[in-house]
Structure formats: structure tokens, C-alpha cells
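One-letter residues, chain by chain:
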Amino acid sequence: MSPAPLGNRDLMRAHNRSIILNAIKSHGNISRAEIARLTGLSPATVSAITAELIKENLVLEHAEGDSSGGRPPILLRLNPHGGFVVGVKVTEHHLIGALTDLTASVMAKQVVTLPDHTLEDVLAGIAELITRLLHAGGVRKKQLLGVGIGLAGVVDGRQGVLKHSPIFGWSEVPLRDLLQSRLRIPVYVDNDVNTLTLSEKWFGTARTMEDFLVITLGRGVGMGIVVQGQIYRGHGGGAGEFGHIVVDPQGPACACGGRGCLETLIADPGLLRQAQEAWQRGELRQPVGRIEELVALAEAGDEGARRIFARAGELLGLQIANLINIFDPGMVIIGGEGTRNGEWLFAPMRQAIARHVMPGLRNDAEIRIDPWGDDAWARGAASLVLGELFKSPIQHEAIAGSIG
Ligand SMILES: [Zn+2]
């Protein structure tokens, strides 16, 4: 939900509130005096704002024994159950939902099958998913702070508009407003790779990182970019189209209308097409219809299958090396269903990265393979709401559209 315009005083108060909430979130048990010292805010401001947070049940206070024998200091900590959020990942055939608490711990998971691809099916499916999640988690609707929706495509996160969906063939759907008027809960919508990137930033392995990349492998290839602690979205919101950088202008046709995009050579459909061609040339022991079968063949010693993964891994590594040379990230997190290809893909990828990254940048980027399940996507969508809770209103303006 777009925040209402705030006056300067309100804006300052909301900004201070975010600073204090974040200090409590990062430090666990902390006294008011310590918050004032860490944040540089006056004791009176800290006292007024923490009183508000305690009243809203977002923060709990408790007395701690003091070894000096003096009055025990009152410590504050985040109340994980001070509110709950729902994250929904929209896929071609399913809606995958997670109910989480304020620390992004998943309390319930549910999946709803999409019978059809009409807008009404998706809206009704999301409503049903939320009802099921609340029931499974024993949470009342009024305890829900919001719903985050992550989906593939071009999304304007600020307006909550799905500008283009390759899966559903929709354009210019005001998804946030449609859902908000139906559910009567704040709704946030963003590109799914960005929601996952946000969850790595707020709650995941990249918590302490200011500059990192998230690359997703699977049906397609996506990328989230974090620069100086913020998602980088580009001038028009479309940054991060790693899957559509052209690596072979004469290569296979891509869904985007181009030819030889990286995705056509290393994403699942591209790997299966290469397997089909290898089988026709007699280079594969047996035909395969699913990626899991191609992995099994590689594991059983099939040279043709190993070659397909090795070529894809080398190409991926070369392009990641190019990204490292441009962004100098502290971490590159690789996740998604494509991690099931395992070392048949990642060993040649690492070799190519080592070969092509410039001297001087080589030791900066830690490469992490993170085999997320589908619930990680839903948790990512939940982080979209949690991020709003912890974010300063000054940062709210940074939210814009995105492509995926
Ligand atoms: Zn393309």
C-alpha cells in the first residue's frame, strides 16, 4: 500500500521509529539508554517511540537481573508474534503461500492449484490461500499486517501494477488495488526475484552485505541486484535481465523475441532442447523428458549429459565473471530449481569464474549455492511486507517497478 504523504514532523517521527525498531531487531535484548546511545536519538524520543511500539505489541519489555545489585534494567526485544504476514508466490499452475511471524519464521505453508489462468481464478485462489494459512497457523485476520505477492514479469512495485506477465499473458493489471479491495488488508506486489533478494537482505545470508547479487536458475534465469543496501531497479524499473543478455546472436529463439539469450542456453527448456539434439545425434544413452532424468544420466556416467551441463556451467560462469567485474559484489547467491543440476553445472561454473574475473577482484565475491524450495519464494514475498515494517519512510520512495 502506498504510504500517505507525511508532513516533515510525521516523516521525522516515522523515520526515528524505523531506526529504533531496527536497533531492537538487530540487537535482541537492549535497554532504552543503549538504544539512545546507539542511534544518537534523545532519551525522550526513544522513550516516546518505544512506548508506542510496546502499545502496538511489536516490542516486549522485561526486567533482567543486574549483577551490580542495582535496579534491574528494563530490556526491550522484538515480539515475533506481534503481527503476522502472508507471502504468496504465483506460478503457472499453483499459488504457494507461507504465513510468517515478524522474524520471517514460517508458521504454516499451503498450496492452491490454479484451475485456469483467468484473473478471477488467481484473485479467488489468493483469497482462499490466505484463509487456509490463517486457519493452519491459528492466526486471526486482524493480526495480519499485510500480504506480499511475488510473481514473474514486469512489475511496478510502487503502483502495485503487473505491467506484463509472460506466464499469464496479462498486461497492465492493477493487482495490488484489486486484491486490497477484495481482502481489505494492505497488499504489496513485486517481481519474484526481487522479493527473494529482499528476503536475503532482511533475513537471509546477505544480512550484513551492502552489495550483492542473487541469481535464480530454473525455467528462466533471473537476477536481483543490491547496491549500497538497496535493490537496484534501473531508470525504468527493468534492471536485472541477466537471462536475456545475448551470448549468441545466431542462437535459439527466446521467449522475449530475441535470439541466443543466456536463458535459451542454460535454463531448463534450453538444457532439455540440447538433450533432445544430443539424443538425435546418438550422443545420449536415452531420451530424457525432464531435467531430473538428465541429472541422473550425468550421475550414471553418461558423457553426453555431462557435456551439456559442463557447457552450460562454463557459459554461466563466464557471464557471472562479467557481472563480478562490473559490480564487484561481496556475494553472489545462486538459487532456484536449477541448483538440482549440482556440481555437473557448478564445478565448471566455478572454474570459469576463476578464469575470467579480473585480478584484484578475484577474492571479493563469495559464491553461494542456495537450494531454495518453493516456500523460499513465498517467504520472500512475505519479506516484502516485513521490509515495509522495518524500512524508514524515507526509503519507501526507493520502491519502483521491475522486470523479471
Ligand atoms: Zn531473451
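1. A look at the coordination of the zinc ion
(1) Moving on: At 2.0 to 2.3 Å from the zinc ion lie its protein donor atoms, namely His244 (ND1), Cys254 (SG), Cys256 (SG) and Cys261 (SG).
(2) Moving on: Here the zinc ion is ringed by 4 donor atoms whose angles at the metal span 105 to 121°, and the overall shape comes out tetrahedral.
(3) Moving on: Sequence spacing among the residues donating to the zinc ion works out to H-x9-C-x1-C-x4-C. Accessibility assignment for this pair places Cys254 and Cys261 in one class, buried.

2. Let's talk about the domain arrangement of the chain
(1) Moving on: Taken domain by domain, the chain comprises domain 1 (8-78), domain 2 (84-199 + 376-391) and domain 3 (204-373).
(2) Moving on: Taking only C-alpha atoms into account, the centre of domain 1 sits 44 Å from that of domain 3.

3. Side note on the packing of aromatic side chains
(1) Moving on: Using the criterion set out here, one finds 1 aromatic pair in the structure.
(2) Moving on: Residues Phe168 and Trp170 carry aromatic rings whose centres are separated by 4.5 Å and whose planes lie at 20° to one another, so their mutual orientation is stacked.
(3) Moving on: The lysine or arginine in question, Lys89, covers the ring of Trp377, its NZ or CZ lying 3.9 Å from the ring centre.

4. Some points on unusual backbone geometry
(1) Moving on: Phi angles above zero are rare outside glycine, and Glu172 is one such case at about 50°.
(2) Moving on: Relative to the helices and strands, Glu172 is located in strand E10 (residues 171-173).
(3) Moving on: Classification of Glu172 by relative accessible area gives exposed; the value is 53%.

5. What about the sheet that holds strand E13 (residues 221-227)?
(1) Moving on: Read across the sheet, 5 strands follow the order E14-E13-E12-E15-E16 without closing on themselves; strand pairing throughout is mixed. Here the strands that pair on one side only, and so sit at the sheet edges, are strand E14 (230-231) and strand E16 (366-370).
(2) Moving on: The pairing of strand E12 (residues 212-217) with strand E15 (residues 331-335) spans 5 bridges and is classified as parallel. Of the residues in E15, the one forming a bridge with Ile215 is Ile334.
(3) Moving on: The sheet contacts of helix H11 (residues 343-356) involve E12, E15 and E16, and relative to E16 the element is tilted by about 165°.

Cut-off values and rules
Residues numbered from 1 in each chain as written. Predicted model: local features only at pLDDT ≥ 70, side-chain atom pairs only at ≥ 80, totals over all residues. Heavy atoms only, no water. Donors = N, O, S within 2.8 Å, 3.2 Å for Na, K, Ca; no water. Tetrahedral: all angles 85-135°; square planar, octahedral: opposite > 155°, others 65-115°. Buried < 20%, exposed > 50% of the residue type's maximum accessible area, 1.4 Å probe, protein only. Domains from an automatic or database assignment. Phe/Tyr/Trp six-rings, centres within 6.5 Å; stacked < 30°, edge-to-face > 60°. Lys NZ or Arg CZ within 6 Å of the ring centre and 35° of its normal. Helix = DSSP H or I, 4+ residues; strand = E, 2+ residues; numbered from the N terminus. Pairing = 2+ DSSP bridges. Contact = heavy atoms within 4.5 Å. Axes fitted to C-alpha atoms, helices over the stretch in contact; angles between N-to-C directions.

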